[in-house]
Amino acid sequence: MDGSERFNDDDSAGCSNGESFVYSSPYDSLCLRGRNWSVTENECQAVVLVVHGSWEHSGRYSHMTHFFNNHHIASVAFDAQDHGLSSGERDHTPNLDALPGDLECIISRIRTEFYPKVPLVINSVLSCSAKQRFQIIICYITLAYTVTTCTCLQCYACSGGSECGISFSPDSKSTTQVRSNADGFFDSCSISVSQDGLTTRSLVLSYECHSSERQFCCKEDFCNSLPSPPLPAFTTLKCVITRCTLTSSGCASVFYVASLSSATESCLGVRVSSDIGYYSYKKGCSPGKLALFSESYPSVGDSFCCNSPQCNRQDLPLKLKINCFSCDSRVTGMKGCSTLNTSSLHVYESGSSISSEACAMIIGFSVHDPSTNISYPAFTIRTLIAGCENQSGNNVSYGGANFQGRIKCCWTNHCNNE
């Protein structure tokens, strides 16, 4: 491959080149060009910054960004100095002194202009001839930005009035954004409604959450955007939340208990080392390797998942026993859950470490409860249930509530797919 082929603007036939943008290097003011492969804002789950290797350019990775886009992940890339469409001398080793500032500049633009609300991951594609110093720069910046953009929990905040309640809009002048002070490990986003009908959205401590028709809590950035708490609140699952030092008798630390609000969430435990454990809850939980971003450094541990009250209070087997689909139409609507669409953003693969748990599909019919004067809409839930039993009729019981409908249990991977 000669130099002209290396810098051809399109090496990926049939794939989009993305939307082009220009910025200046803070090091020497050279004109640098970048590409943005965007996805719909309300579907964007993350953004990947692709950093190409020596003798390459950003257009060579259109096929990879196309794959990311199909999975609701945006991509941004740029041509380094002396490469692709950026200014500089061709067939020249990139200026390693300029690279950190150039990367900082494009990262700042991603975080403030392109994708301010989603996690950022940096993917560096280094050639075998890349210098060690170049690798160190990439690894340092990747580590720093993965940690700083993924740790704190961010939530919407407002109080009172229809603009905070049934007519809620993130763009309302009365709505602000709040974030946890530290890493958000003990925090949740909340929607609560008082007996007088006053709606409050806020960042709260997870153990102050109570799953009910008046409060909904969740543990993802800006997840408290629903018009109101979902009804009915059928989830009575409670999970332990703590970071602790492990002893022969278990967790030697103060722990808290959080009430979950969605059937897509499971209790979680992570063993980072022989003496350190993390216990919380997670949407789409599945046993295996899990990256944690705690305070000032990342770590990777082995995780387990379970679905019975406070089941993560002690360590469980780390192996996956069963894998099921999970979705909760009370929270996200029927689309994708009632008629299963596995590519929906609101349908998860959830696993369990306990052999007694089963996959389940729960159907509830719309009904009016005269005792509370509340009308409950029809719903579909796919989840895991410990000690699951098939039920049908007018007195089906799940999560502390009785309703008309049915529960179908099964015990093989992904069997709740009808």
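Residues numbered from 1 in each chain as written. Predicted model: local features only at pLDDT ≥ 70, side-chain atom pairs only at ≥ 80, totals over all residues. Heavy atoms only, no water.

Asker: It is not clear to me how the state of the cysteines should be interpreted in this structure. Could you clarify?
Answerer: Disulfides are covalent bonds that link the sulfur atoms of two cysteine residues. Under the defined criterion, the tally for this structure stands at eleven disulfides. Between the sulfur atoms of Cys155 and its disulfide partner Cys189 the distance amounts to 2.0 Å. Taking the torsion about the sulfur-sulfur bond, which here is approximately -80 degrees, the covalent link between Cys155 and Cys189 counts as left-handed. With Cys155 in strand E6 (residues 154-159) and Cys189 in strand E8 (residues 187-193), this pair connects stretches of sequence that are 34 residues apart. Each sulfur of the disulfide joining Cys388 and Cys409 lies 1.9 Å from the other. On the sign convention where negative means left-handed, the S-S torsion of about -75 degrees between Cys388 and Cys409 marks this disulfide as left-handed. A residue pair is termed long-range when its members are at least 10 positions apart, and Cys388 in the loop between strand E23 (379-386) and strand E24 (391-398) and Cys409 in strand E25 (residues 401-410) qualify at 21 residues. (Disulfide = S-S within 2.5 Å. Helix = DSSP H or I, 4+ residues; strand = E, 2+ residues; numbered from the N terminus.)

Asker: What should I look at first to understand the sheet that holds strand E20 (residues 357-364) in this one?
Answerer: Backbone-to-backbone hydrogen bonds pair the strands of a sheet. The strands run either parallel or antiparallel. The sheet built from six strands is open, its strands ordered E19-E18-E23-E20-E25-E24 with antiparallel pairing. The open sheet has two free edges, formed respectively by strand E19 (348-352) and E24, since each of these has just one partner strand. Averaged over neighbouring strand pairs, the angle between their axes works out to 45 degrees when direction is ignored. Strand direction decides the pairing type here: E20 and E23, joined by eight bridges, are antiparallel. Bridged to Ala360 within E23 is Thr383. (Pairing = 2+ DSSP bridges. Axes fitted to C-alpha atoms, helices over the stretch in contact; angles between N-to-C directions.)

Asker: What is the right way to look at the packing of aromatic side chains in this model?
Answerer: Two measures describe an aromatic ring pair: the distance that separates the ring centres and the angle between the ring planes. A complete count under the given rule lists nine aromatic pairs for this structure. Geometrically, the ring pair formed by Tyr207 and Tyr256 is stacked, given 4.0 Å between the ring centres and 15 degrees between the ring planes. Highlighted residues: Tyr207 in the loop between strand E9 (199-205) and strand E10 (215-218) and Tyr256 in strand E13 (residues 256-259), separated in sequence by 49 residues. Residue Tyr207 is classed as partly exposed on the basis of its relative accessible area, which comes to 28%. (Phe/Tyr/Trp six-rings, centres within 6.5 Å; stacked < 30°, edge-to-face > 60°. Buried < 20%, exposed > 50% of the residue type's maximum accessible area, 1.4 Å probe, protein only.)

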